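Structural description and commentary
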Amino acid sequence: RLILLLVAATVGQPPLPELVPAGWPASAAPASLAAWDSIFYVGIAGQGYHLAPVIAGYRDWVFFPALPALMRIVSVVTGGDLALAGVLVANLALLAGLLVAGIAIAEHDGDGTPTVSQSLIALGPGAVAFGMAYSDSLALAASAGLYVAARHHRRWLAGGLLAFATLTRPPGILLGLPLAIILWEQADRRDLRSVLRQLAPVVLGPLALLAFAALQGVALGDPLAFVHGQADWERQTGGPALDVLTTLLVVTFAANTIVVMLLARSKLPLAAKAAGVVGYASVLASGRLLSNARYVAMGWPIAWMLGRQGRVARLATVGLSTCGFLLYAVLNLSRHLPP
């Protein structure tokens, strides 16, 4: 986080003036840590969802409510500063995600792997968003939390975390797969009713999504506003302006593809593999490379798998990851490339 703050202080740029809505509040947070999508989260936290496009044809219907709700709560501590509240929530969620992921890793591998793996989670190229007023670190914490809760037979707590993950961002609902795997492994498969009872918490993810759709139906007159609003974003958003950035995104996606293939062949538990693939699956579902580093960063078992290498390979991986983190931090915070 100190690295990120240093980059923000040296090359960080505030949001483009034409993309800042009227009445944008002043904040004590570094402006570059509350730029890009953070603008919309601050707007929702302060005013709720808007019927009309907020800025330049962009609608805020596509953003899910967990982060704005927490920002509104934490703003009581920050004196009403919603942007600062968003940055605090994101970084505290990262801390929680690192601690819980460390528990999951240590319980499986002992005490040798967690520190390296936690470093790789925090220093991945897409981990820049974990320090910004974005919802990704909430999804990370929920993913690791539901994994540990389910492994400890706290299945309804795990189901609640699945519901929370679903309300952070759309790929959160995919975490129902690793949860279902763990609960299936724990079930008495000789009794169908026992299996159904064991798997029951998985339904909390779809129910959370239905509740959000119902809320948008009442407030906006369209229960699928978060889907229809995305189409407006696709029409408004172009690709990177420079070929070199396109090349960077393609190289990042190729590297992520190789790592996910290695994850599939690793000796990690099946549920951990599924949790690691969730972010990558969201890249494929969206069909967009622009934020592929950020999407994949949520898959903390990828860092777990990389942290199990030999000492030299671990050091090399941490070094490469840190270089990628620095590169993306400069590009993201200097306003050259969205996270």
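Just above sits the structure.
In this report, we go over the structure that sits alongside the text. (Residues numbered from 1 in each chain as written. Predicted model: local features only at pLDDT ≥ 70, side-chain atom pairs only at ≥ 80, totals over all residues. Heavy atoms only, no water.)

Things to note about a nonpolar patch on the surface
Here is the rule we go by: A patch is a set of surface residues, each over 30% in relative accessible area and not in a salt bridge, joined within 9 Å for like charges and within 5 Å for the nonpolar side chains Val, Leu, Ile, Met, Phe, Trp and Tyr. In this description, accessible areas are obtained by the Shrake-Rupley approach with a 1.4 Å probe, and a residue is regarded as covered only by the protein chains that are shown. Each reported salt bridge corresponds to a side-chain nitrogen of Lys or Arg within 4 Å of a carboxyl oxygen of Asp or Glu. A helix here means a DSSP run of H or I that spans at least four residues, while a strand means a run of E at least two residues long, and both kinds are numbered starting from the N terminus. Accessible area is worked out with a 1.4 Å probe on protein chains only. A residue is then buried under 20% of its type maximum, exposed over 50%, and partly exposed in between.
A cluster of nonpolar side chains, L88, L92, L95 and L99, forms an exposed patch at the surface whose accessible area comes to about 380 Å². Mapping L92 onto the fold places it in helix 4 (residues 82-109). Here L92 falls in the exposed class, since its relative accessible area comes to 57%.

Describing empty space enclosed by the protein
Stated precisely, the cut-off is as follows: Here a cavity denotes grid points, spaced 1 Å and computed from the protein atoms alone, that fit a 1.4 Å probe unable to get out, and a pocket denotes an open set having protein on both sides within 12 Å along at least 5 of 7 lines; residues with an atom within 4 Å of a point are the lining. Grid points are joined across faces, edges and corners, and a volume is the space filled by probe spheres set on the points. Just so you know the grouping, Ala, Val, Leu, Ile, Met, Phe, Trp, Tyr, Cys and Pro go in nonpolar, Asp, Glu, Lys and Arg go in charged, and all remaining residues, Gly too, go in polar.
For the structure shown, the criterion picks out 1 cavity of 30 Å³ or more. There is about 70 Å³ of room inside the largest cavity. In terms of lining, the largest cavity is formed by 14 residues, of which the most central are A293, R294, Y328, N332 and P339. Of the residues forming the lining of the largest cavity, the biggest block, 3 residues, is contributed by helix 14 (residues 292-297). Grouping the constituent residues of the lining of the largest cavity by class yields 9 nonpolar, 4 polar and 1 charged.

Looking at the layout of surface pockets
Roughly 650 Å³ of internal volume is contained in the second largest pocket. Residue lining of the second largest pocket: 27 residues in total, with G124, P125, N256, V259 and S321 positioned closest to the centre. Looking at the lining of the second largest pocket, the elements that each hand over two or more residues are helix 5 (114-122), helix 12 (243-265), helix 14, helix 15 (300-306) and helix 16 (311-333). Element by element, the count of residues in the lining of the second largest pocket is highest for helix 16, at 7 residues. Across the lining of the second largest pocket, the residue classes tally to 18 nonpolar, 9 polar and no charged.

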